[in-house]
Amino acid sequence: MDRLIDAIEATQNPSVVGLDPTEALVPPQVVAGLAEEVRDSVEDPAEAPAVQLASAFYEFNRTIIDAVAGIVPAVKPQIAMYEALGPAGVDVYTMTCDYAASRGLYVLADAKRGDIGSTAAAYAHMLTGVDGFDPWKVDAVTVNPYLGTDGITPFVDAAKESDKDLFVLVRTSNPSSSELQMLDLADGSKVYERVADLVEGWGADSIGAHGYSRVGAVVGATHPEEGKALRTRMPHTFFLVPGYGAQGGTAADVRGMFDADGSGAIVNSSRGIIGAWRKDGRYDPSMSADDALALVDETARDAAIRMRDDLRAVL
Ligand SMILES: O=c1ccn([C@@H]2O[C@H](COP(=O)(O)O)[C@@H](O)[C@H]2O)c(=O)[nH]1
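Residues numbered from 1 in each chain as written. Predicted model: local features only at pLDDT ≥ 70, side-chain atom pairs only at ≥ 80, totals over all residues. Heavy atoms only, no water.

Visitor: Tell me about the overall build of the chain, and please be specific about residues and values.
Guide: Within the chain one finds 15 helices and eight strands. On C-alpha atoms alone, the chain measures out to a radius of gyration of 19 Å, which is about the 20 Å that the 2.2 N^0.38 rule sets for 315 residues. Dimensions of the chain along its principal axes, counting C-alpha atoms only, are 60 × 45 × 35 Å. The proportion of buried residues among the 315 residues of the chain is 53%. Partitioning the intrachain contacts of the chain with sequence separation of at least 6 by distance along the chain shows that 75% fall at a separation of at least 24. Split by element, the accessible area of the chain, about 13400 Å² in all, is 51% carbon and sulfur. Taking the 26 positively charged and 47 negatively charged side chains of the chain as two groups, their mean positions are separated by 5 Å. (Helix = DSSP H or I, 4+ residues; strand = E, 2+ residues; numbered from the N terminus. Rg over C-alpha atoms; globule rule 2.2 N^0.38 Å. Buried < 20%, exposed > 50% of the residue type's maximum accessible area, 1.4 Å probe, protein only. Contact = heavy atoms within 4.5 Å. Areas by Shrake-Rupley, 256 points an atom, 1.4 Å probe, with all protein chains shown as cover. Lys, Arg positive; Asp, Glu negative; His and termini not counted. Charge placed at Lys NZ, Arg CZ, Asp CG, Glu CD.)

Take a look at the structure:
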């Protein structure tokens, strides 16, 4: 986690931009502008729509990355949006991670992997690569702890081997999260608190120079009170905090998830940054693809700066 914390200190900004493109979040003229090029490049015409959208995701992502590099320390590409498009989407995922890394950003792969140990070991190659070849170029991956320790150990081992990090779901931001996470256990604690204790334990032997381990926790901005209590309960666990902006979380809500020095957490916003162009009155469906991307660039940068300043104001 030391590299992430150093990057946060360098930018004085504990926020991460989520790269979660969808067809609705990319200006349609950017997608349309790629039609001819894609039609000439695919062998099977049935592939064209997915390849075209994936190519548009890449142009869009590069615009966002260029807009926020130097302002934010990290990006979090959400793999679901890319996998939905098949091989072209997965290619664009790896290209996006590579491009973000080339711009000096810490890349947090939001893949929420989780399975039995032998399969988790295969998923964990997202951190180590295979036989010296690392197609993913990510610094961290999100992991689902529902299968317990043997589903997590391969990721912890892979993170140690590759000097990378993982973030384990503890208290998620979504509306149904309480159905399981808030259930009472026999000892009076809640399920998510038991997960929190496991996460703190999984990281106990990999605490870095800044006092945080390489095993982080995902804690939703939509649960300010529980997030604050978790900060005390998990003194060596760095938090990834999604749920800011589009899901309603605010800077005041996440304040308690940081430690006394204003460290200990990084806050994600995806739609709030990459979709800012849609809320800008200057967008015009008849504008060119280049003009639309210029608007994406400006509005994403402004939104990232606003978020940074809002977080700085409470820390
Ligand atoms: O508890 C969780 C865990 C992960 N996420 C992911 O974060 C982003 C949030 O996107 P917004 O557009 O900023 O709402 C998305 O990739 C989720 O899958 C989460 O929201 N909550």
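Next, the rest of the story.
Visitor: Describe the site of the ligand, and please don't skip the residues or the numbers.
Guide: Of all residues adjacent to the ligand, which total 16 residues, the nearest are D20, S173, Q247, S270 and R271. Contact distances for the ligand include 3.2 Å between an oxygen atom and a side-chain N or O atom of K76. Side-chain polar atom of K112 to an oxygen atom of the ligand: 3.4 Å apart, as the coordinates give it. Out of a free accessible area of 460 Å², the ligand has 88% covered by protein chains. Residue composition of the shell around the ligand, by class: four nonpolar, seven polar and five charged. (Near = heavy atom within 4 Å. Polar contact = N/O pair within 3.5 Å; in protein donor to acceptor, adjacent residues only side chain to side chain. Nonpolar A, V, L, I, M, F, W, Y, C, P; charged D, E, K, R; others polar.)

Visitor: Please provide a residue-by-residue account of the pattern of salt bridges, values included.
Guide: Side chains that differ in charge, positive against negative, can pair when their charged atoms come close. Tallying each qualifying case throughout the model produces 17 salt bridges. The closest approach of N and O atoms between D309 and R312, which form a salt bridge, is 4.0 Å. Taken together, the residues D309 and R312, both in helix 15 (residues 289-314) and three residues apart, mark about one turn of the helix. The exposure class assigned to D309 is partly exposed, which follows from its relative accessible area of 33%. A single network of salt bridges, built from pairs that share partners, joins K76, D110 and K112. (Salt bridge = Lys/Arg side-chain N within 4 Å of Asp/Glu carboxyl O.)

Visitor: Tell me about the UniProt feature "active site" (unreviewed entry) in the chain, residues and numbers included.
Guide: Look at the UniProt record and you will see "active site" (unreviewed entry) annotated at K112. Take K112: it is sitting in strand 3 (residues 106-113). Residue class for K112 comes out partly exposed when judged on its relative accessible area of 37%. Other than its neighbours up to four places away in sequence, K112 contacts Q78, T142, V143, N144 and L169. (UniProt positions renumbered as here; feature names shortened; annotations may be inferred.)

Visitor: Account for the side chain of T237, naming residues and giving values.
Guide: Mapping T237 onto the fold places it in the loop between helix 12 (224-233) and strand 7 (239-241). A distance of 2.5 Å separates polar atoms of two side chains, one belonging to T237 and the other to E200. Once you skip the residues sitting within four places of it in the chain, T237 turns out to touch V199, E200, Y212, V215, G216, A217, R231 and G264.

Visitor: Outline the packing of aromatic side chains, supporting the account with residue identities and numerical values.
Guide: Taken as a whole and assessed by the stated rule, the structure comprises five aromatic pairs. Ring centres 6.1 Å apart and planes at 80° place the aromatic pair F57 and Y82 in the edge-to-face group. Residue F57 is found in helix 4 (residues 48-68), and its partner Y82 is found in helix 5 (residues 79-83); the two are separated by 25 residues along the sequence. A single burial state applies to F57 and to Y82, both of which are buried. Seen from their ring centres, Y82 and Y93 are 5.0 Å apart, and the 70° between their planes marks the pair as edge-to-face. Residue Y82 is found in helix 5, and its partner Y93 is found in helix 6 (residues 87-102); the two are separated by eleven residues along the sequence. Put simply, the rings of F57, Y82, Y93 and W136 pair up and form one aromatic cluster. Note that R171 overlies the ring of Y192, its terminal NZ or CZ placed 5.5 Å from the centroid. Sitting over the ring of F239, R231 keeps its end group 4.1 Å from the ring centre. (Phe/Tyr/Trp six-rings, centres within 6.5 Å; stacked < 30°, edge-to-face > 60°. Lys NZ or Arg CZ within 6 Å of the ring centre and 35° of its normal.)

Visitor: Please provide a residue-by-residue account of the nonpolar core, values included.
Guide: Soluble globular proteins tend to bury their nonpolar side chains together. Counting 85 residues, the largest nonpolar core has V17, M126, V141, L166, V170, V199 and F239 as the members making the most contacts within it. Setting aside residues up to four positions removed in sequence, V199 forms contacts with V168, V170, V215, G216, A217, M234 and T237. Counting 16 residues, the second largest nonpolar core, distinct from the first, contains Y106, L169, F238 and I266. (Core = buried A, V, L, I, M, F, W, Y, C linked by side-chain atoms within 4.5 Å.)

Visitor: So what's going on with unusual backbone geometry? Which residues, and what values?
Guide: Not every positive phi belongs to a glycine, and D131 is a case in point at roughly 50°. With respect to the helices and strands, the residue D131 is situated in the loop between helix 8 (125-128) and strand 4 (140-143). Its identity as a non-glycine residue notwithstanding, K137 has a phi of 60°, on the positive side. Mapping K137 onto the fold places it in the loop between helix 8 and strand 4.

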